[in-house]
Amino acid sequence: MPPPPEIRPVRTIVAEAKPIEDDRQAVGEIRPRQESDIGFQVGGKLVSRAVDIGVSVKRGDLLARLDEQDFQNRLRSAQSDVASAEAVLVEAQATEGRQDELLGKGVTTRANYDSAIKNRRSAEAKLEASRAALDLAKDQLAYTELKADFDGIITAVAAEPGQVVAAGQTVVKLAKPEQVDAVFNVAEAAFRDRQPNEKPAVLVTLLCSPSIYADGVVREVSPVADPVTRTYQVKVSLENPPPAMRFGAGVLGRLKASTAPVISLPGSALFDQGGKPAVWVFDSATSTVKLRPIEVARFETDRVVVSGGLKQGDVVVTAGVNRLREGQAVRLLEQAGS
């Protein structure tokens, strides 16, 4: 007489569609919303730097200084050129006046008079050019002092005294402390269900102290993925961040949202069917199980969000799935809602 069929005890859960908290999260850091690379408008040798990282400065404060000797020499040369051009203009004006008087008496030619006018106009143009060169020399001398364009905090230094820097080369980085962002690199899959122009709320907490937090809103999502990590940069604008959230601090961001009604299952309910996800569904009419393929919307830490293959009220096996076979008789140990 053949032995009776084996009846395996299994734990199950009733599939129920309901909203769940979106627990997607990412690790990032605190960055200033506005951070400027500050550099000289002229090149030269850096002789002093008045600030270091973390120093607070006011608009107009001196940040660094270049060797100004060459620029002073250019200024003196430009001043001499202006004086020379003024003397030439005075002489040209006098010559034009004499030629005009002689032409009226008929003792000079029209050509001589026209030449005097040309020389006077040339002298005026040269004087104007000399004055422009003088203004430029004054500006360049003033540019040897690097000053803060706005109130802020020095977040980085990129040059030391004695170093020769080029025009526009970064010497320090200056950031505005009033407005800060939490910046995250988020995987592409996180945007699968995102609507255009959606600005979800985000809870941002310090990694070193989760009790310190701030509310934020997604302000900007990079339209282009990082070519190496294939992630997108997301900037979250923080509302009244606590002082402990300093620039560079590590933070954890979590969406403050609930999903539409979905069916979620414990990860232990999944079964591999030829490389595709499936679950064992209990048939109450025969007290057996059947393997059913499903579609997974996303995998989370301790659960799986199902997008297709199950319906409301299906009884799904959650433990012992790897020991079951198609049509096997089972006995339910426990049953709970998802």
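Quick note: structure is the one above.
Scope of this entry: the structure provided in the associated data block. (Residues numbered from 1 in each chain as written. Predicted model: local features only at pLDDT ≥ 70, side-chain atom pairs only at ≥ 80, totals over all residues. Heavy atoms only, no water.)

Time to look at the overall build of the protein chain. If you tally the helices and strands in the protein chain, you get two helices and 23 strands. Against the compact-globule benchmark of 20 Å for 338 residues, the protein chain has a radius of gyration of 39 Å, which places it well outside the compact range. Principal-axis analysis of the C-alpha atoms gives the protein chain an extent of 150 × 45 × 30 Å. Here the protein chain holds 338 residues, and the buried ones make up 34% of them. For the protein chain, the proportion of contacts with a sequence separation of at least 24, taken over those separated by at least 6, is 74%. As displayed, the protein chain has an accessible area near 19,700 Å², and 50% of this comes from carbon and sulfur atoms. Side chains of the protein chain carry 43 positive and 45 negative charges; the gap between the two charge centres is 3 Å. (Helix = DSSP H or I, 4+ residues; strand = E, 2+ residues; numbered from the N terminus. Rg over C-alpha atoms; globule rule 2.2 N^0.38 Å. Buried < 20%, exposed > 50% of the residue type's maximum accessible area, 1.4 Å probe, protein only. Contact = heavy atoms within 4.5 Å. Areas by Shrake-Rupley, 256 points an atom, 1.4 Å probe, with all protein chains shown as cover. Lys, Arg positive; Asp, Glu negative; His and termini not counted. Charge placed at Lys NZ, Arg CZ, Asp CG, Glu CD.)

Turning our eyes to something else, we now look at helix 1 (residues 69-105). In a regular helix each residue adds 1.5 Å, so 37 residues correspond to 54 Å; helix 1 covers 55 Å between its end C-alpha atoms and thus fits that length. Inspection of helix 1 places Phe71, Leu75, Ala78, Val82, Ala85, Leu89, Ala92, Glu96 and Gln99 among the buried residues, and these make up the whole buried set. The elements touched by buried residues of helix 1 are helix 2 (110-142). Directly beyond the C-terminal end of helix 1, a positive phi value near 80° is found at Gly106. (Expected span 1.5 Å × (residues − 1).)

Our next topic: the side chain of Thr144. Note on placement: Thr144 falls in the loop between helix 2 and strand 7 (145-147). You can call Thr144 buried: its relative accessible area is 1%. In terms of polar contacts, Thr144 uses its side chain to reach the backbone carbonyl oxygen of Leu141, at 2.5 Å. Not counting residues within four places of it along the chain, the set of residues in contact with Thr144 comprises Phe40, Ala64, Arg65, Leu66, Glu68 and Phe71. (Polar contact = N/O pair within 3.5 Å; in protein donor to acceptor, adjacent residues only side chain to side chain.)

On to the sheet that holds strand 6 (residues 62-66). If you trace the four strands from one edge of the open sheet to the other, you get 7-6-4-9, paired in antiparallel fashion. Of all the strands in the sheet, just strand 7 and strand 9 (164-165) have a single pairing partner and so form its edges. Sheet analysis places strand 4 (residues 44-49) next to strand 9, joined by two bridges and oriented antiparallel. Of the residues in strand 9, the one forming a bridge with Gly44 is Val165. (Pairing = 2+ DSSP bridges.)

On to the environment of Arg98, then. As for its position among the elements, Arg98 is in helix 1. The partly exposed category is assigned to Arg98, whose relative accessible area is 49%. Sequence-wise, Arg98 and Gly320 are 222 residues apart; in three dimensions their C-alpha atoms are separated by 117 Å.

A word on helix 2. For the α-helix, the turn length of 3.6 residues means that residues three or four positions removed from each other point alike. Between its first and last C-alpha atoms helix 2 spans 49 Å; for 33 residues at 1.5 Å apiece the expected length is 48 Å, and the two agree. Within helix 2 the residues assigned to the buried category are Tyr113, Ala116, Ile117, Arg120, Ala123, Leu127, Ser130, Leu134, Ala137 and Leu141. Residues of helix 2 that are buried sit in contact with helix 1.

This part takes up the nonpolar core. In terms of nonpolar packing, the biggest core is built from 30 residues, with Phe40 and Leu63 touching the most fellow members. Breaking this core down by element, the ones donating at least two residues are strand 6, helix 1, helix 2 and strand 10 (170-175). Looking at this core element by element, the count peaks at seven residues for helix 1. In terms of nonpolar packing, the next biggest core, distinct from the first, is built from 17 residues, Ala182, Val202, Val204 and Val218 among them. (Core = buried A, V, L, I, M, F, W, Y, C linked by side-chain atoms within 4.5 Å.)

Glancing now at the packing of helix 1 against helix 2. Axis angle and axis distance: for two packed helices, these are the angle between their axes and the distance between the axes, and together they describe the pair. With their axes 8 Å apart at the nearest point, helix 1 and helix 2 run at an angle of 160° to one another. Between helix 1 and helix 2, the angle is such that the two are roughly antiparallel. Here helix 1 and helix 2 pass one another in a crossing that is left-handed. Taken together, the residues that form the contact of helix 1 with helix 2 break down as 18 nonpolar, nine polar and 11 charged. (Axes fitted to C-alpha atoms, helices over the stretch in contact; angles between N-to-C directions. Parallel < 35°, antiparallel > 145°, perpendicular 65-115°, else oblique. Left-handed = near helix turned anticlockwise from the far one by under 90°. Nonpolar A, V, L, I, M, F, W, Y, C, P; charged D, E, K, R; others polar.)

What is shown is where atoms sit, not what they do.
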